[in-house]
Amino acid sequence: AQSVSQHNHHVILSEAASLELGCNYSYGGTVNLFWYVQYPGQHLQLLLKYFSGDPLVKGIKGFEAEFIKSKFSFNLRKPSVQWSDTAEYFCAVNPSGSARQLTFGSGTQLTVLP
Amino acid sequence: SQTIHQWPATLVQPVGSPLSLECTVEGTSNPNLYWYRQAAGRGLQLLFYSVGIGQISSEVPQNLSASRPQDRQFILSSKKLLLSDSGFYLCAWNRDPNSPLHFGNGTRLTVT
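Owing to the predicted nature of the structure, the values given are computational and were not obtained by experimental measurement. (Residues numbered from 1 in each chain as written. Chains lettered and ligands numbered in written order. Predicted model: local features only at pLDDT ≥ 70, side-chain atom pairs only at ≥ 80, totals over all residues. Heavy atoms only, no water.)

### A short note on the overall build of chain A
Within chain A, the regular secondary structure consists of 0 helices and 12 strands. Reading the helices (α) and strands (β) of chain A from amino to carboxyl end gives β-β-β-β-β-β-β-β-β-β-β-β. Its C-alpha atoms give chain A a radius of gyration of 13 Å, within 12% of the compact-globule value 13 Å for 114 residues. Considered along the principal axes of its C-alpha atoms, chain A spans approximately 40 × 25 × 20 Å. Taking all 114 residues of chain A together, 47% fall into the buried category. Taking as baseline every contact in chain A between residues at least 6 positions apart, the subset at least 24 positions apart corresponds to 56%. Counting only carbon and sulfur atoms, one obtains 53% of the accessible surface of chain A, whose full area is about 5,200 Å². Charged side chains of chain A number 8 positive and 7 negative; the gap between the two group centres comes to 8 Å. (Helix = DSSP H or I, 4+ residues; strand = E, 2+ residues; numbered from the N terminus. Rg over C-alpha atoms; globule rule 2.2 N^0.38 Å. Buried < 20%, exposed > 50% of the residue type's maximum accessible area, 1.4 Å probe, protein only. Contact = heavy atoms within 4.5 Å. Areas by Shrake-Rupley, 256 points an atom, 1.4 Å probe, with all protein chains shown as cover. Lys, Arg positive; Asp, Glu negative; His and termini not counted. Charge placed at Lys NZ, Arg CZ, Asp CG, Glu CD.)

### Considerations on the pattern of salt bridges
Residues and elements named next belong to chain A. Within this structure, the stated rule accounts for 5 salt bridges over all chains. Lys 58 is the partner of Glu 64 in a salt bridge, and the nearest nitrogen-oxygen pair spans 2.9 Å. On the accessibility criterion, Lys 58 (63% relative accessible area) is exposed. The salt bridge partner of Lys 78 is Asp 85, with a shortest N-O separation of 2.9 Å. The same class applies to Lys 78 as to Asp 85, namely buried. The network of salt bridges with common partners includes Lys 58, Glu 64, Glu 66 and Arg 77. (Salt bridge = Lys/Arg side-chain N within 4 Å of Asp/Glu carboxyl O.)

### Focus on the nonpolar core
Counting residues in each nonpolar core, the largest one holds 28 residues, and the members touching the most others are Leu33(A), Trp35(A), Leu48(A), Phe74(A), Leu76(A) and Tyr89(A). Those elements giving two or more residues to this core turn out to be strand 2 (10-14), strand 3 (19-21), strand 5 (31-38), strand 6 (45-50), strand 8 (64-68), strand 9 (73-78), strand 10 (87-95) and strand 12 (108-113) of chain A. With residues up to four places along the chain from it excluded, the contact list for Leu76(A) reads Leu19(A), Glu20(A), Leu21(A), Trp35(A), Leu47(A), Leu48(A), Phe63(A), Glu64(A), Ala65(A) and Tyr89(A). Judged by nonpolar contacts, the second largest core, of 21 residues, contains Leu11(B), Phe74(B), Leu81(B) and Tyr89(B). (Core = buried A, V, L, I, M, F, W, Y, C linked by side-chain atoms within 4.5 Å.)

### Description of the side chain of Arg68(B)
All names here are of chain B. Structurally, Arg 68 can be placed in strand 7 (residues 65-70). On the accessibility criterion, Arg 68 (3% relative accessible area) is buried. In terms of polar contacts, Arg 68 uses its side chain to reach the backbone carbonyl oxygen of Asp 71, at 2.5 Å. Setting aside chain neighbours within four positions, we find Arg 68 in contact with Asn 30, Pro 31, Leu 33, Ser 50, Val 51, Gly 52, Ile 53, Gly 54, Ile 56, Gln 73 and Phe 74. (Polar contact = N/O pair within 3.5 Å; in protein donor to acceptor, adjacent residues only side chain to side chain.)

As structure tokens, then:
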């Protein structure tokens, strides 16, 4: 079974700082990769996804993530965070074609100070 | 457009009482349906998965059960709640195994 590690449990940044949240997974085959976000008081929603092709994926609100297959990583980045980016971020991975095996990381709480 | 409804939003139940959480999806047919439990600092754990009416797969042994009486209805149940059943339960759907999940707003269950 695959596993997903998010190294940072809580990240605190000031507005305009750059963000990188780490995500590593363990699985030997082809995978689908996701970042989900949960804003305070809202439901979990998709931020971006990677299935195949260009390993640099751009999502909503200026977020991007890079799939580095050799490192089994899918780190989330944003050049300049805003106060409204305060939320909990979840990395998730599933073997291609098997959504029931979607595995989530433990989440990273991002707090952006105004 | 598709929407997913989950209720109730919060629930406080005594130990030993029954449970029924309901989830419905609108605007699509034959969705894959999921029940997850979200624990603080531990991410989301898949509890049940359904590809069609009456088809339920259980991912972890537990005190809970799930049913899918209609195509777009997914119910999470328990006959007798335990304290350890407290948590945040999320319903989700997708069209196929390679589609992202769409989540409901969740139910905060507190067993006292």
